[in-house]
Amino acid sequence: MIEEVLPPGEVPPEEIQHANKIVCEAFSDMFRSILGPIASKKMLTSEMTKEEVVELVSSSGYTLLKELRYDHPTADILTESGIALGDAVGDGVATMLVLLGELVRRGFELRDMGIHQNTVAHGYEMALEHARSVLKEISLEVDAKDDETLRKVARTALKKSDYWDENELAGIIVEAIKRISDKKPIDVDDVLIEAKSGGAVKETSLVDGVLIDREVLDDLPTSVEDAKVALLDFPIEHWEPARITGRKALKEEFPRKRSKAGETEGATGFFFKMTSPNAIKAFYEKRREMFEELLKPILESGANVVCCRWGIDEEAIDYFRKEGIMVMKRVKFTDLQRLERATGAKIVKKPEELTAEKLGKAGRVVQRDLAGVKYVFFEDCPQKKACAILIRGVSNRVLEGIVGEVKSALNAVARVFEEPRVLPGGGAAEIECALRLRKFARSVPRKEQFAIEAFADALEEIPKALARNCGMDALDSLTALRAAHASGNVNAGISALEKEVVADVVERGILDAFVVKEQALISAVEGAIGMLRIHDLHIAKSEVEKEAEDVEAQIAGRTKEWIMKERRAKMRAPKKIVRGRLKY
């Protein structure tokens, strides 16, 4: 561990490089065991008390990477690379980190042999370009409208589990992506994923329209046909006078106060000076008139369903009840945006801006109870592309595993829509690339030949990990795959579910998205080259040093060591973890 307080030159460059290599290898080993459909799971936890601890159990590389806690600058670089890949294509994070660690390890071995790091980097770049051409050559063009092919891609991305049926879940995933496939690039976040415990996974379903996890306010309609929807981004609350005591000067402007959680502390827009007891009645009458003026545009707009982002006073419910209007408060802004796209409504920020033209439409809005929690469903919306996946499970631990897998499968299918090409899975693509890279290396009469050979060796770690994770012998599987590909069988790969090397993984329905595999290779090579070219570590002048140099700090005796000790104590202090990691 390298202390941040060490000045430049305190640690020799060789130790810095060795530390970087160890971190890369640690990441590679960490994610190697979660490759494949029946791979292991990882549990992440925090140093909390027993009552507050929240464990995350998952085999999704992207999900796990976002929750990791680390203290090394190299780990920061690797984490950012993995998250960037996950944000771009949504899958392939574990594959990328395994390859990156292997490329770094083999790259440092070549450096120890006397090969310059720039030569190794150039060799990796040559190998990457050749591997991409091989991937393009062995890829299969598919019809993005062929549901069966898309289901195969989804099933390959999903992990094998006793909790769910891959065929049914793959069908739901394909149908969800088809709904939003008209917009390129496809944003899988347009598919709302709502996870709720208390049911069987087989109850997971695709919801036509939009659902929000809010309930209708008391005694208001819970079902509305031919709905006219109003989306409000302002509180429906009384305007309260500001309280002034003593000789506090009045401010000219009094902005509306809103909390981060979406609650309001009351709108402060005017002041009221009490001169006599009779003024109390006048005050309440004026207060009621102002509140009615606030409600008037909403009631006269013709809306029969109101979704408000902020709070709603109890007095307003009486007005809505008389008009038969369904009302929900504290609706998340992301849900308002989904409703805006689905219903055609416009989000309104001021009461006077609400008109009939800014209302949206829905065939039916109904509240339903799921395992004791009320949800509001917006069905038969004008925008038919709107949909949500409601995931059920017996416990939150089961749901945590399902949500990450569903996200990965959604991204894999979405990438096939954008680039209708697939690759044979089960390590077949990696073995074929390794075979051709070795032939290519023999044609390079320079030291880059060693780097290309190392690149091929790193690629073979993927099928070895797949074999090992499903209980097969890694070396026997690797030799069988090498022999099959050397005889011209490009599609030979590992069927993890059957625990054997099969002659044609394409016939078995084991397909990977071309874009995901290619981007994983690119990210792994870029990260490995970056690690190999790091020669030394210098620590920039920190905020601690700047604070210690301040005159007031010196007078108070706050030295650099004292300030550093304070900051470390704050960093190590237990932090409360917010429950609910089910949305990734």
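Check the entry above for the structure.
A brief look at the structure comes next. Just so it is clear, the model here is predicted, and its values are computed rather than measured.

### A closer look at empty space enclosed by the protein
A water-sized probe rolled over the atoms picks out the places where empty space is left.
And then number 1: With the rule as written, the count across this model stands at three cavities of 30 Å³ or more.
And then number 2: Quantified by volume, the second largest cavity comes out at close to 50 Å³.
And then number 3: Residue assignment for the lining of the second largest cavity shows that the elements contributing at least two residues are helix H4 (93–112), helix H12 (428–441) and helix H16 (514–532).
And then number 4: A total of three residues in the lining of the second largest cavity trace back to one element, the largest contributor, which is H12.
And then number 5: A class-by-class count of the residues in the lining of the second largest cavity yields six nonpolar, one polar and two charged.

### A look at the pattern of salt bridges
And then number 1: Within this structure, the stated rule accounts for 39 salt bridges.
And then number 2: Linking Arg151 and Glu148 is a salt bridge whose minimum nitrogen-to-oxygen distance equals 3.8 Å. Remark: Glu148 and Arg151 occur in helix H6 (residues 147–157); sequence separation between them is three residues, near one turn of the helix.
And then number 3: By relative accessible area, which is 37% here, Glu148 ends up partly exposed.
And then number 4: The residue Arg508 makes a salt bridge to Glu498 at a minimum N-O spacing of 2.2 Å. Here Glu498 lies in the loop between strand S17 (493–495) and strand S18 (500–502) and Arg508 lies in the loop between S18 and strand S19 (511–513), a separation of ten residues in the sequence.
And then number 5: Its relative accessible area of 42% is what places Arg508 among the partly exposed residues.
And then number 6: For Glu498, a relative accessible area of 41% corresponds to the partly exposed category.
And then number 7: Members of the salt-bridge network, linked through shared partners, are Asp29, Arg32, Glu102, Arg105, Arg106, Glu109, Glu461 and Lys464.

### Thoughts on the packing of aromatic side chains
And then number 1: Under the criterion given, the structure shown has two aromatic pairs.
And then number 2: Taking the centre distance of 6.4 Å and the plane angle of 25° together, the rings of Phe27 and Phe31 count as stacked. Pair noted here: Phe27 and Phe31 are both in helix H1 (residues 13–32), with a separation of four residues, about one helical turn. Grouping residues by exposure puts Phe27 and Phe31 together as buried.
And then number 3: Just above the ring of Tyr319 sits the side chain of Lys322; from NZ or CZ to the centre is 5.9 Å.
And then number 4: When the ring centre of Phe377 is taken as origin, the NZ or CZ atom of Arg368, which lies over that ring, is 4.8 Å away.

### Details of helix H15 (residues 474–486)
And then number 1: Here H15 spans 18 Å end to end across 13 residues, near enough to the 18 Å set by a 1.5 Å rise per residue.
And then number 2: Turning to H15, the residues buried within the fold contact H12, helix H14 (461–469), S17 and S18.
And then number 3: Between the side-chain oxygen at the start of H15 and the backbone nitrogen of Leu475 there is a gap of 3.2 Å, and the oxygen is on Asp473.
And then number 4: Positive backbone phi, approximately 100°, marks Gly488, located one or two places after H15.

### As for the nonpolar core
And then number 1: Grouped together as the largest cluster of nonpolar side chains are 115 residues, with contacts concentrated most on Phe31 and Tyr124.
And then number 2: Take this core: its biggest share by element is twelve residues, from helix H11 (residues 396–418).
And then number 3: By size, the runner-up hydrophobic cluster in this structure holds 46 residues, among which are Val210, Leu231, Val305 and Met326.

### Structural notes on the sheet that holds strand S16 (residues 421–424)
And then number 1: Taken in spatial order, the three strands make up an open sheet running S3-S16-S19, and their pairing is antiparallel. If you trace the sheet from one side to the other, it starts and ends with strand S3 (140–141) and S19, each paired once.
And then number 2: Pairing of S3 with S16 involves two bridges; the strand directions are antiparallel. Its bridge partner lying in S16, Leu140 is registered against Val422.
And then number 3: Relative to the sheet, H16 contacts S16 and S19, its axis offset from that of S19 by approximately 65°.

What counts, and at which threshold
- Residues numbered from 1 in each chain as written.
- Predicted model: local features only at pLDDT ≥ 70, side-chain atom pairs only at ≥ 80, totals over all residues.
- Heavy atoms only, no water.
- 1 Å grid on protein atoms, 1.4 Å probe; cavity = no way out; pocket = protein on both sides within 12 Å on 5 of 7 lines; lining within 4 Å.
- Points joined across faces, edges and corners; volume = space filled by probe spheres on them.
- Helix = DSSP H or I, 4+ residues; strand = E, 2+ residues; numbered from the N terminus.
- Nonpolar A, V, L, I, M, F, W, Y, C, P; charged D, E, K, R; others polar.
- Salt bridge = Lys/Arg side-chain N within 4 Å of Asp/Glu carboxyl O.
- Buried < 20%, exposed > 50% of the residue type's maximum accessible area, 1.4 Å probe, protein only.
- Phe/Tyr/Trp six-rings, centres within 6.5 Å; stacked < 30°, edge-to-face > 60°.
- Lys NZ or Arg CZ within 6 Å of the ring centre and 35° of its normal.
- Expected span 1.5 Å × (residues − 1).
- Contact = heavy atoms within 4.5 Å.
- Polar contact = N/O pair within 3.5 Å; in protein donor to acceptor, adjacent residues only side chain to side chain.
- Core = buried A, V, L, I, M, F, W, Y, C linked by side-chain atoms within 4.5 Å.
- Pairing = 2+ DSSP bridges.
- Axes fitted to C-alpha atoms, helices over the stretch in contact; angles between N-to-C directions.

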